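The lines below spell out each chain.
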Number of protein chains: 2
Amino acid sequence: MAVYTSVSAEALARFLARFPVGDLVFAKGIAEGVSNSNYLVETTEARFILTLYEARTEAADLPFFLSLTEFLAEAGLPVPRPVRDRSGRMLHAVAGRPAALVQFLPGVSVSEPTPAQAAAAGAALARLHLAGSGFPGARPNPMGLGWWQDHGAALAPALDRLAPGLAAEVATALERLSAHWPADLPAGIVHTDLFPDNVLMLGDRVTGLIDFYFACTDLYAYDLMVLHAAWCFAPDGGTVAPALEAALLAGYAGVRPLTRTERAALPLLGTGAALRFLLSRTQDWFDSPAGAFVSPKDPLPFARRLAAYAHRRAAA
Amino acid sequence: MAVYTSVSAEALARFLARFPVGDLVFAKGIAEGVSNSNYLVETTEARFILTLYEARTEAADLPFFLSLTEFLAEAGLPVPRPVRDRSGRMLHAVAGRPAALVQFLPGVSVSEPTPAQAAAAGAALARLHLAGSGFPGARPNPMGLGWWQDHGAALAPALDRLAPGLAAEVATALERLSAHWPADLPAGIVHTDLFPDNVLMLGDRVTGLIDFYFACTDLYAYDLMVLHAAWCFAPDGGTVAPALEAALLAGYAGVRPLTRTERAALPLLGTGAALRFLLSRTQDWFDSPAGAFVSPKDPLPFARRLAAYAHRRAAA
């Protein structure tokens, strides 16, 4: 949580002059997201987030992310619509960084979701899947099965440093995933990172879905299990909270019913979701330079989820 | 610039329920100030800053700072008024930290002040001095001459590591300041940290004076020279920008005319102001732990100001 690149008030006023948005009223660097610099900007007409993309976001993918959120906003989803400047451009440069000005959305991220909030998150994800089906762009998931296979092997020593025996558990999970990954389930635009941090809510209502920088084309039911892994576990990280799970799945299926094949695949897809975050967090855990602004997130709760999903699959 | 202590949306909603301020609409950790954690909070009724005081702010002084800003706000100054809860309290505890909810003020901090902006800052400081004269509280300046004397000696090796010969320049300045510090100039409530960062502006208008955590009782003309040191130097740090200086002094004196004795003392008081920031920045420069959230500020521009004020005094 940090502002990596600072933008002077003077530079900001010059930047805003390119847009039909009125005059600057205030701007504050905000502690949001882990990779990019974000400013909350208010003008005499509206409120915006200015994002400066730091090195970790692939600049070549920005047009995909911006077109996608514009498309979803047009479809009525509560996503941060990019603001086009007077010449129609969405992607800019500010302080030497690629940058975009997007609509500000109200709401707060919950830390301890209630079942009603989990249901609303499930329904919002289903709406995103349905709305995204008309989007013409595509982006293969750079952090899908192939990435897990590469990184599961490469990170084996790191995994065993985290917890002795974890590398073997990951290898077993990878074998199952490689043998049984369902290629023929319904697929399309997915978010793949819809943690509570990335859902803004007022009470039980979803007011914003944000941070589309992992959005790609993949299985809808995999995205649902990322949501499940992010929302439905007790604080110990390895026990599903039944009320949250029931609410989240019902919320989703109430908008986009799951096929029988999708339902049967959920434990395997959950294994994939747990593995994805276990591996990326393990990588960040050992890669973060001393003194980094951002504290790396603990990978171990996702090791516990991995075990929980494997257990469910064995029991199914 | 960081948020050191995180507050969950749930904890924040519970905290806000103590105040007659409506329901939470959004909250964002903001990168403001260097010592405390700040959240921009909007409710259905108004906008606020929630500050959590970290270790560096002396908890015993918080009632002074909060009473002072409430007093100044009552007097019509654009300062962040603390919000009292339903039982009348201004000082609270949030996430284990002392905390206060204060009024949000619009505006941005300029990086390259214009003469009109410097004049407005000067006038705002003079208004603060006049308004503060009715405040019943007092707080000796903990970073005045006695602190400079103690730390000037203790930091001598560090000063010479920054720039060979700097410790001797500081010793010479300290001798002059100790011998000639004017004890009998008009004194009262002063800010002592009114850098452009702590002044919010819209165009040429001051919309906020913030960060009163160095406020104390000291010479008005010393506070004016802190403002001068902070606003009137060219980017090299050692050359006064004549247009900014003329505007700032005229802005101040238009509201609170300076006595002849105050005017004569300005170069000496400027030496003190430059020394104060040279010493505190030198301390932070060598004390900041590796990996601190906040990058320490370069002390050397204040070494250059010290030389500039000493030269002026010699020339006067």
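Residues numbered from 1 in each chain as written. Chains lettered and ligands numbered in written order. Predicted model: local features only at pLDDT ≥ 70, side-chain atom pairs only at ≥ 80, totals over all residues. Heavy atoms only, no water.

**Student:** What should I look at first to understand the overall build of chain A in this one?
**Tutor:** Scanning chain A from terminus to terminus reveals 10 helices and nine strands. By the compact-globule yardstick of 20 Å for 316 residues, chain A fits well, its C-alpha radius of gyration being 20 Å. Overall, chain A is about 60 × 45 × 35 Å in size when its C-alpha atoms are taken along their principal axes. Here chain A holds 316 residues, and the buried ones make up 56% of them. The contacts of chain A with a sequence gap of at least 6 include a subset with a gap of at least 24, amounting to 72%. When the accessible surface of chain A is split by element, carbon and sulfur atoms take 56% of a total near 12,700 Å². Mean positive and mean negative side-chain charge positions of chain A (25 and 29 charges, respectively) differ by 2 Å. (Helix = DSSP H or I, 4+ residues; strand = E, 2+ residues; numbered from the N terminus. Rg over C-alpha atoms; globule rule 2.2 N^0.38 Å. Buried < 20%, exposed > 50% of the residue type's maximum accessible area, 1.4 Å probe, protein only. Contact = heavy atoms within 4.5 Å. Areas by Shrake-Rupley, 256 points an atom, 1.4 Å probe, with all protein chains shown as cover. Lys, Arg positive; Asp, Glu negative; His and termini not counted. Charge placed at Lys NZ, Arg CZ, Asp CG, Glu CD.)

**Student:** I keep staring at unusual backbone geometry and nothing clicks. Help me out?
**Tutor:** Negative phi values dominate among residues other than glycine, just as trans dominates among peptide bonds. At T192 of chain A, a residue that is not glycine, the phi angle is positive and equals roughly 60°. By relative accessible area, T192 of chain A is classed as buried at 3%. Its identity as a non-glycine residue notwithstanding, D211 of chain B has a phi of 60°, on the positive side. Among the secondary structure elements, D211 of chain B is positioned in the loop between strand 8 (205-209) and strand 9 (216-219).

**Student:** Looking at this model, I keep getting lost on the packing of helix 7 (residues 220-231) of chain B against helix 9 (residues 260-287) of chain B. Mind explaining?
**Tutor:** The relative placement of two packed helices is expressed as an angle between their axes plus a distance between the axes. All names here are of chain B. Running from N to C, helix 7 and helix 9 point in directions that differ by 60°, and their axes come no closer than 8 Å. Relative to helix 9, the element helix 7 lies oblique. Two packed elements cross with a definite hand, and for helix 7 against helix 9 that hand is right-handed. Here Y220, A221, Y222, L224, M225, V226 and A229 of helix 7 lie close against helix 9, whose contacting residues are E262, L266, L269, G270, G272, A273, R276 and F277. Broken down by class, the residue content of the contact of helix 7 with helix 9 amounts to 11 nonpolar, two polar and two charged. (Axes fitted to C-alpha atoms, helices over the stretch in contact; angles between N-to-C directions. Parallel < 35°, antiparallel > 145°, perpendicular 65-115°, else oblique. Left-handed = near helix turned anticlockwise from the far one by under 90°. Nonpolar A, V, L, I, M, F, W, Y, C, P; charged D, E, K, R; others polar.)

**Student:** Before we go on, may I ask you to explain the packing of aromatic side chains in this structure?
**Tutor:** For any pair of aromatic rings, the description rests on two quantities: the centre-to-centre distance and the angle between the ring planes. Under the counting rule described, the total for this entry stands at 28 aromatic pairs over all chains. Relative to F65 of chain B, the ring of F64 of chain B lies with its centre 5.8 Å away and its plane at 70°, an arrangement referred to as edge-to-face. Note on F64 of chain B: relative accessible area 12%, which makes it buried. Look at W148 of chain B and Y222 of chain B: their rings are 5.9 Å apart centre to centre, the planes differ by 50°, and that puts the pair in the tilted class. Within this pair, whereas W148 of chain B is found in helix 4 (residues 145-154), its partner Y222 of chain B is found in helix 7, the two being separated by 74 residues in sequence. Per residue, the accessibility class of W148 of chain B equals that of Y222 of chain B, and both read buried. An aromatic cluster of three or more residues is present, and its members are Y53, F64, F65, F71, F135 and Y213 of chain A. (Phe/Tyr/Trp six-rings, centres within 6.5 Å; stacked < 30°, edge-to-face > 60°.)

**Student:** Which parts of the structure should I look at to understand the pairing of strand 8 of chain B?
**Tutor:** Here is the key point about a regular strand: its side chains alternate between the two faces of the sheet. Residue and element names in this part refer to chain B. Summarising burial for strand 8: four of the five residues are buried, a large majority. Taken together, the four bridges between strand 7 (residues 199-202) and strand 8 define a ladder with antiparallel strand orientation. Bridge pairing in strand 8 places V199 opposite L209. (Pairing = 2+ DSSP bridges.)

**Student:** Teacher, can you tell me more about the relation of the copies chain B and chain A here?
**Tutor:** Comparison of the two chain copies shows a relationship of rotation about an axis with a shift along it. Expressed as a screw transformation, the operator carrying chain B onto chain A has a rotation angle of 180° and an axial translation of 0.0 Å, and the superposed copies differ by an RMSD of 0.0 Å. Such a turn and shift between the copies fits a two-fold axis. When the interface residues of chain B are mapped onto chain A, 100% of them are again interface residues, pointing to one common binding face. (Least-squares fit on C-alpha atoms with pLDDT ≥ 70 in both.)

What is shown is where atoms sit, not what they do.
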